[in-house]
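The lines below spell out each chain.
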Amino acid sequence: MDHHPKEMTFEREDWNEVAERELSQIADVTPEDMAIFKAQVRLESWQLLAIQIDGERVGSVVWSTEREGKTFAVIVNAAFARPVRGVDVAQGLLDMFHTTARHYGASAVRIWTSRRGLVRKLERAGATKRYVMELKT
């Protein structure tokens, strides 16, 4: 049995079909959402990162920043990763973005999600809810 700790790394990349295929597996992502992700990454307004465990790609994350007066927040717009035995990918993502945000002086890290399990995990990590309510038209 393999007992070595697994290393999670993130590699910036241009928009690509692999990332699009991975992100399309997010349960509530719409074609309109995907078009926004693609356009914003191509404009370099948002960033696309490949998520790797021990050098093997396991998913993708799209993130951006949002100005708030004199400061800014780091926004995790979309993330998908396949499960990896022995690795809490969500916690690894949270740790990386939290560390990065603090390093660059961001006021907060915001994560878009409708997954109740991820909400609970984020709350246990100290996140608080700020509601965005949506009515479909």
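Since the model is a prediction, treat every value here as computed from it, not as a measurement. (Residues numbered from 1 in each chain as written. Predicted model: local features only at pLDDT ≥ 70, side-chain atom pairs only at ≥ 80, totals over all residues. Heavy atoms only, no water.)

Turning next to the packing of aromatic side chains. Two numbers describe a pair of aromatic rings. These are the distance of the centres and the angle of the planes. A complete count under the given rule lists two aromatic pairs for this structure. Ring centres of Phe-37 and Trp-46 lie 6.3 Å apart, and the angle between their planes is 40°; this geometry places the pair in the tilted category. Ring geometry for Trp-63 against Phe-97: centres 5.8 Å apart, planes inclined by 65°, an arrangement best described as edge-to-face. With Trp-63 in strand 3 (residues 56–68) and Phe-97 in helix 3 (residues 89–104), this pair connects stretches of sequence that are 34 residues apart. (Phe/Tyr/Trp six-rings, centres within 6.5 Å; stacked < 30°, edge-to-face > 60°. Helix = DSSP H or I, 4+ residues; strand = E, 2+ residues; numbered from the N terminus.)

Turning our attention to unusual backbone geometry. The backbone of Glu-44 sits at a positive phi, close to 65°, despite the residue not being glycine. As for its position among the elements, Glu-44 is in the loop between helix 2 (31–42) and strand 2 (47–53).

Let us look at the pattern of salt bridges. In the structure shown here, the tally under the stated rule is five salt bridges. Between Glu-22 and Arg-57 there is a salt bridge, and its shortest N-O distance comes to 3.0 Å. On the criterion of sequence distance, the pair formed by Glu-22 in helix 1 (residues 17–23) and Arg-57 in strand 3 is long-range, its members being 35 residues apart. When its relative accessible area of 10% is taken as the criterion, Glu-22 is described as buried. We note a salt bridge from Glu-56 to Arg-82, for which the minimum N-O separation is 2.3 Å. Of this pair, Glu-56 sits in strand 3 while Arg-82 sits in the loop between strand 4 (71–81) and helix 3, and the two are 26 residues apart along the sequence. Take Glu-56: its relative accessible area is 46%, and that puts it in the partly exposed class. Look at Arg-82 and you get partly exposed, because its relative accessible area is 34%. (Salt bridge = Lys/Arg side-chain N within 4 Å of Asp/Glu carboxyl O. Buried < 20%, exposed > 50% of the residue type's maximum accessible area, 1.4 Å probe, protein only.)

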